[in-house]
Amino acid sequence: MANPLHRLRLHIEIFRELVQALGWEVCVIAPLFILFGYVIFGMVGFGSTIINTPLLAHLLPLRFVAPLTLLLDLFAAISVGMRMRGEVDRSELRRILPFVLLGLALGLALLISLPERALLLLLGCFAFYAGISGLARRHSARRIHPAWAVPAGVVGGMFSALYGTGATIYTIYLSRRIADISAFRATMARLVLIAGLVRTVLFAASGLLSQDHLLLAALLLAPFAGFGLFLGNRLHQRLSARHIMVFVYVLIAANGAALIVRAW
């Protein structure tokens, strides 16, 4: 087993190589973005990707950001998905999953083929909409028709492949189909886990996971994600979740507007 001094030297070498490849601003600012996103995730149970992806898009190409955030999110998705095993609403999962898979394939095709400017504009519009709709949302108990699984699955799968943000759309659909909160959380966790694993296979097959310095960047950022989760878990009972979410939605909307202006 490597001693602490050897591990420290390894981390320094990783950081030095990334600085040479990506620049100081990326290697200093990106860890702060990841830390912040995972603090929010630890506090409210979601939100890391919808925060991190638009922020990282100011620093790195989206074709690099998408697989990077996938690698960081995959362990958390596996951990949560495996822990919530017995309460999954399998009928809802079977209903939406085929359309999620279709959306993932379509989203990957768009990620590979669309120019960077179009990808930024689409992400900006999505983030702005997600932030504004989150601020304006009023909870409704009315159950929607199961046919909504088709657009929710396809659109959610597309945004999962493009930016890793499809969970926002899955949440809107499943929360209006599953009344029991435990079953809803378990079904969401299982769906996000399956979508993440399929994205990994698709990204590996398309070559997106073999980009230069991608794994090194994930290694650099992983400790910040873990520490952010730790802090968020410690803080979630001390701060108002409602006030936190207002702040998060304002941040998402503002960042979406900034991406729209940048891409226009």
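To keep things clear, this report deals only with the structure shown in the data block. (Residues numbered from 1 in each chain as written. Predicted model: local features only at pLDDT ≥ 70, side-chain atom pairs only at ≥ 80, totals over all residues. Heavy atoms only, no water.)

**Re helix H6 (residues 116–136)**
- The terminal C-alpha atoms of H6, which comprises 21 residues, lie 30 Å apart, in line with the 30 Å expected from a rise of 1.5 Å per residue.
- Residues of H6 that are buried: Leu119, Leu120, Leu123, Gly124, Phe126, Ala127, Ala130, Gly131, Ser133 and Gly134. (Helix = DSSP H or I, 4+ residues; strand = E, 2+ residues; numbered from the N terminus. Expected span 1.5 Å × (residues − 1). Buried < 20%, exposed > 50% of the residue type's maximum accessible area, 1.4 Å probe, protein only.)

**Let's talk about the environment of isoleucine 12**
- For isoleucine 12, the position within the fold is in helix H1 (residues 4–22).
- Here the alpha-carbon distance between isoleucine 12 and leucine 220, two residues 208 residues apart in the chain, equals 9.8 Å.

**Brief notes about empty space enclosed by the protein**
- Scanning the model with the defined rule gives 2 cavities of 30 Å³ or more in all.
- When its volume is computed, the largest cavity comes out at roughly 60 Å³.
- For the largest cavity, the full set of lining residues is Leu18, Leu22, Val26, Cys27, Ala30, Leu60, Leu68, Ala217, Leu220 and Leu221.
- Residue assignment for the lining of the largest cavity shows that the elements contributing at least two residues are H1, helix H2 (24–44) and helix H10 (214–235).
- The calculated volume of the second largest cavity comes to roughly 40 Å³.
- Lining of the second largest cavity is provided by Phe126, Tyr129, Ala130, Ser133, Arg137, Thr168, Ile169 and Ile172.
- When residues of the lining of the second largest cavity are traced back to their parent elements, those giving at least two are H6 and helix H8 (167–175).
- Of all the elements, H6 adds the most residues to the lining of the second largest cavity, at 4 residues.
- Partitioning the lining of the second largest cavity into residue classes produces 5 nonpolar, 2 polar and 1 charged. (1 Å grid on protein atoms, 1.4 Å probe; cavity = no way out; pocket = protein on both sides within 12 Å on 5 of 7 lines; lining within 4 Å. Points joined across faces, edges and corners; volume = space filled by probe spheres on them. Nonpolar A, V, L, I, M, F, W, Y, C, P; charged D, E, K, R; others polar.)

**A word on the layout of surface pockets**
- Its boundaries defined by the atoms lining it, the second largest pocket holds a volume of some 180 Å³.
- Lining the second largest pocket, in full, are Leu10, His11, Ile14, Phe15, Leu219, Leu220, Pro223 and Phe224.
- Tallied by class, residues from the lining of the second largest pocket come to 7 nonpolar, 1 polar and no charged.

**Description of the packing of helix H5 (residues 90–113) against helix H7 (residues 149–163)**
- Interaxial distance between H5 and H7 falls to 6 Å at its minimum, and their mutual angle equals 40°. With respect to H7, the element H5 is oriented oblique. Regarding H5 and H7, the two cross each other, and that crossing is right-handed. Judged by residue contacts, Arg95, Ile96, Phe99, Val100, Leu102, Gly103, Leu104, Leu106, Gly107, Leu108, Leu110 and Leu111 of H5 engage Ala149, Val150, Ala152, Gly153, Val154, Gly157, Met158, Ser160, Ala161 and Leu162 from H7.
- Per-class residue counts for the contact of H5 with H7 are 16 nonpolar, 5 polar and 1 charged. (Axes fitted to C-alpha atoms, helices over the stretch in contact; angles between N-to-C directions. Parallel < 35°, antiparallel > 145°, perpendicular 65-115°, else oblique. Left-handed = near helix turned anticlockwise from the far one by under 90°. Contact = heavy atoms within 4.5 Å.)

**Structural notes on a nonpolar patch on the surface**
- Taken together, the side chains of Phe128, Ile132, Leu135, Val246 and Val250 define a hydrophobic patch exposed on the protein surface, amounting to about 390 Å² of accessible area.
- Sorting the residues of the nonpolar patch by element identifies H6 and helix H11 (241–263) as the ones contributing at least two each.
- A per-element tally of the nonpolar patch places H6 first, with 3 residues.
- If you trace the backbone, valine 250 turns up in helix H11.
- On the accessibility criterion, valine 250 (42% relative accessible area) is partly exposed. (Patch = residues over 30% accessible without salt bridge, like charges linked within 9 Å, V, L, I, M, F, W, Y side chains within 5 Å. Areas by Shrake-Rupley, 256 points an atom, 1.4 Å probe, with all protein chains shown as cover. Salt bridge = Lys/Arg side-chain N within 4 Å of Asp/Glu carboxyl O.)

**A word on the environment of alanine 57**
- For alanine 57, the location among the structural elements is in the loop between helix H3 (48–56) and helix H4 (62–83).
- Each C-alpha atom of the pair alanine 57 and leucine 123 lies 9.1 Å from the other, and the pair is 66 residues apart in sequence.
- Contacts of alanine 57, omitting those with residues within four sequence positions, involve Leu62, Val65, Leu120, Leu123, Leu259 and Arg262.

**As for the pattern of salt bridges**
- Going through the model one piece at a time under the given rule, you end up with 3 salt bridges.
- Between arginine 63 and glutamate 116 there is a salt bridge whose closest N-O contact spans 3.8 Å. Residue arginine 63 is located in helix H4, and its partner glutamate 116 is located in helix H6; the two are separated by 53 residues in the primary sequence.
- Salt-bridge contacts for glutamate 92 lead to arginine 177; the nearest nitrogen and oxygen are separated by 2.8 Å. Of the two residues, glutamate 92 sits in helix H5 while arginine 177 sits in the loop between H8 and helix H9 (181–206), which places them 85 residues apart along the sequence. The pair formed by glutamate 92 and arginine 177 is uniform in burial state, with each residue classed as buried.
- Linked through salt bridges whose partners overlap, the residues forming this network are Glu92, Arg95 and Arg177.

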